[in-house]
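Residue-level structure breakdown
Below are the chains, spelled out letter by letter.
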Amino acid sequence: MTGAPESKVELAKRRSRHLRGTIAETLASDHTHFGHDDLQLLKFHGTYQQDDRDARRALEAAGLEKAYAFMVRVAIPAGAVTAGQYLELDRIAAEHGNGTLRVTTRQGFQFHGVLKGNLRSTIAAINDALLTTISACGDVQRNVMGCAAPLGDADHALVRQVAEALAVQLRPGSRAYHEIWLDGEKQLSSAEEEPFYGDHYLPRKFKAAVGLSTDNCVDIRAHDVGLLAIVHDGRLEGFNLLVGGGLGMTHNKGDTTARLAEPLGFVPVEHGVEAVRLVASIFRDHGNRSDRRHARLKYLLGEWGTPRFREEFERRASFTLGPAVELAALPFHDHLGRHRQSDGRWFYGVFIQSGRIVDAAGHALRTALREIVARLRPGIRLTGQQNLLLTDLESGDLDTVERILTAHGVTLPAALSAARRYSMACPALPTCGLAVAESERAIPGILERFEAELEGLGLRDAPLTIRMTGCPNGCARPYTADLAFVGRSLGLYNVYVGGGLAGDRLADLYRADVPLEELLESVRPLLQRWAAERAADEGLGDFYQRLMGLRARRTVVTGRELPTVDLLPEAVAP
Ligand code: SRM
Ligand code: SF4
């Protein structure tokens, strides 16, 4: 705690009567949008007020108000939904949204373009499908990530079970959600409504992930807290508890940092959920409530240091924290294409560019998925790379899936270049209120140029993750990628190099203020050297680290503009 006055958002939470505010009144009125306090509260209910940023200038010039619409986010622990739920979400997107569904980088679904008049029916319909939007956003535990692969073994089953238990345990208890969106009976708020969160909830968002030492598809070190299941000789031994990760930072602000979570200790399997709850409680009680820029757990950890944090954790825990298990490397799988489940059935991973399920000219992905799901009724899993898995398929179904995808112009995973397959981009313009540059709309063109270049260099299949964001907040986890473009202002990007698929190292700022059209040129010499000097299977980030002699794994990067890497040193032997 800093002794400084609480931020406005803290006040809004406290006077909200457990997230009620005046949301119900504004919903019932003919106002086109919500006021300050309600805007903050709406996030806890899973929705953001946005406006069409493409239309802003013209509307302003015409003296008209902004074109308001809402983003609605569904929290889906470990990304699992049924065929029926998927079809219902697809219907809601058509009926109430902008006709697209978006798989998020945290295994949720988002709708965009929901008008205020449709907000209530949208959220109610999501609940009717036995899904929820509560705690998808806001100062609470967000959607809990977990490896999505339905391999059917005990480790994967446990990951999902723990992710679901965490989601339930740390879900806000306020009846406000039911009252406002689901015709719940009106109640006066009471202290018992939120036994864990109290009336001021957490100081900021809090993100948890459950991962496996055999597959880091959840990017475990990017979260406030991670439970990394240690699998040894096929046996699950317990969890490494990782704390203090988070990627958001602000350009030119050296006191804002992207940081990878550090191991706090080893937790027996049966105490995994309690461990996360304890970390959240320390954050609740000691996180910064005056400056939201510094309100994430990573800053508390930075201020206290790991020993003090561990001491506080042990003081609260009912069990003893063991020493974290040392891990040499974290493997990574994207789960695309055909894979066998342990019950003999199959799953099929479909690549979704930037997570956007949309019908576009020559690429009717949304229709293709709807047809596959309606016909085969598979289980659905969303991955942390914005992709979608169709599960529990019979072997004969696999050809049907590929036939339907191909007939709708959807490229099959085997035909994707590595650069495209591992790419991610955040929504940015025109929906995101914080975007300063394009991302989702720009990445297809960028990938085309990179694909042509990489093909020419013989690097079409070389491991490479390219990620893009429209601002430095890090929604597509750019700072753990081999190569990332982070929006600086309209048309300009900072280029980061040096992360990798394993997600166990942060990238360096490589070039600053590069125009969109020159992104490829800015890294061409590096790509050429990668082609000429790489060791077998060496990813771009690994190669760069070796080239620069920076083998130490970097775990903190600040928003301050460090000098960028101007010269590439002479060749080094692999
Ligand atoms: Fe994010 C804010 C989209 C994952 C860090 N994020 C936003 C908002 C809500 C903008 C806003 O506050 O007005 C974006 C909505 C855009 C839109 O039009 O939909 C937004 N974030 C997303 C999604 C949809 C990106 C995507 O491509 O999928 C992801 C939703 C995940 C989900 O289902 O919950 C998303 N955001 C992330 C991640 C990655 C992750 O969690 O694995 C990060 C980096 C990790 C972290 O939290 O540190 C991330 N988003 C942020 C931040 C920076 C937070 C910070 O500590 O500084 C903001 C800004 C804020 O909170 O003030 C933000
Ligand atoms: Fe918006 Fe920035 Fe997140 Fe992209 S990274 S969605 S621009 S907040």
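Refer to the preceding data block for the structure.
Our subject in this report is the structure included herewith. For every chain, the first residue of the written sequence is number 1, and numbering continues from 1 along that sequence. To label them, take the chains in the order written and letter them from A, then take the ligands in the order written and number them from 1. Residue-level local features of this predicted model are given only where pLDDT is at least 70; pairs of side-chain atoms are given and counted only at 80 or more, and the full residue set underlies all totals for whole chains, interfaces and linings. In computing side-chain values, all of the structure's heavy atoms are included and hydrogens and water are not.

The helix and strand tally for the protein chain stands at 17 helices and 24 strands. Atoms considered for the radius of gyration are the C-alpha atoms alone. The globule rule reads 2.2 Å times the number of residues to the power 0.38. Since a compact globule built from 574 residues should have a radius of gyration of about 25 Å, the 23 Å found for the protein chain is in line with a globular shape. On the principal axes, the C-alpha backbone points of the protein chain span a range of 70 × 60 × 55 Å. Burial classification: accessible surface area is computed with a 1.4 Å probe over protein chains only, and a residue below 20% of its type maximum counts as buried, one above 50% as exposed, and the rest as partly exposed. The buried share of the protein chain, reckoned over its 574 residues, is 59%. Considering only contacts within the protein chain whose residues lie at least 6 apart along the sequence, 68% involve residues at least 24 apart. Each helix is a run of DSSP H or I of at least 4 residues and each strand a run of E of at least 2, with the numbering of both proceeding from the N terminus. The contact definition used throughout considers only heavy atoms, calling two residues in contact when any of these lie within 4.5 Å.

Quick look at the coordination of the iron atom of ligand 1 now. Just one protein ligand coordinates the iron atom of ligand 1, and it is C475 (SG) at 2.3 Å. With respect to the helices, strands and loops of the structure, C475 is situated in the loop between β20 (466-469) and β21 (483-489). Each metal's donors comprise the N, O and S atoms found within 2.8 Å of it (within 3.2 Å for Na, K or Ca). Water is not part of the atom list, so some coordination spheres may appear incomplete.

This part is about the site of ligand 2. One heavy atom within 4 Å of a molecule or strand is enough for the residue carrying it to be called near that molecule or strand. Taken together, C426, P427, A428, C432, L434, A435, T469, G470, C471, N473, G474 and C475 make up the full set of residues near ligand 2. Of the residues contributing to the shell around ligand 2, the split by class is 8 nonpolar, 4 polar and no charged. Classification used: nonpolar for Ala, Val, Leu, Ile, Met, Phe, Trp, Tyr, Cys and Pro, charged for Asp, Glu, Lys and Arg, polar for all others including Gly.

Moving on to the state of the cysteines. For this text, the term disulfide refers to a pair of cysteine sulfurs within 2.5 Å. In this structure the tally under the stated criterion is 0 disulfides. Cysteine C217 remains unbridged, with the sulfur of C147 as its closest cysteine sulfur at 3.5 Å. When its relative accessible area of 4% is taken as the criterion, C217 is described as buried.

So, on to the pairing of strand β9 (residues 235-243). The side chains of a regular strand alternate, residue by residue, between the two faces of the sheet. Of the strand pairs in this sheet, strand β8 (residues 225-232) and β9 are connected by 8 bridges, and their pairing is antiparallel. Opposite L227, over in β9, you have L241 as the bridge partner. Between any two strands, at least two bridges found by DSSP are needed for them to pair. Counting the residues in the hairpin turn of β8 and β9 gives 2 residues, including D233, whose phi is positive at 50°. Two elements, β9 and strand β11 (residues 262-267), share 5 bridges in a ladder whose sense is antiparallel. Each bridged residue has a counterpart across the sheet, and for V243 the counterpart in β11 is E262.

To continue, consider the site of ligand 1. Around ligand 1, the structure places 28 residues, and the nearest of them are T104, L247, T431, C475 and R477. With respect to ligand 1, the side chain of H112 contributes an N or O atom lying 2.7 Å from an oxygen atom. The term polar contact refers here to a pair of N or O atoms within 3.5 Å; inside protein, the definition further demands a hydrogen-donor-capable atom paired with an acceptor-capable atom, and it admits residues adjacent in sequence only when both atoms are side-chain atoms. Between R296 and ligand 1, the recorded distance is 2.8 Å, taken from a side-chain N or O atom to an oxygen atom. Class assignment for the residues of the shell around ligand 1 results in 9 nonpolar, 11 polar and 8 charged.

Below, the discussion takes up the sheet that holds strand β17 (residues 379-382). Spatial ordering of the open sheet is given by β3-β17-β18-β13-β12, a layout of 5 strands whose pairing is antiparallel. Edge positions in the sheet fall to β3 (80-81) and β12 (337-340), since each of these pairs with one other strand and no more. Here β17 runs beside strand β18 (residues 388-393); their pairing, made up of 4 bridges, is antiparallel. Bridging from a neighbouring strand, R381 pairs with L389 of β18.

Turning our eyes to something else, we now look at the environment of S354. When you line up the elements, S354 lands in the loop between β13 (346-350) and β14 (356-357). For the pair S354 and T250, spaced 104 residues apart in sequence, the C-alpha to C-alpha distance is 23 Å. Ignoring any residue separated from it by four or fewer positions in sequence, one finds S354 in contact with R102, V103, Q386, A425, E440 and I443.

For the rest of this paragraph, the subject is helix α7 (residues 154-169). Given the number of residues in a helix, its expected span is that number minus one, multiplied by 1.5 Å. With 16 residues, α7 should reach 22 Å at 1.5 Å per residue; the first-to-last C-alpha distance of 22 Å fits that figure. Within α7, the full set of buried residues consists of D155, H156, L158, V159, V162, A163, L166 and A167.

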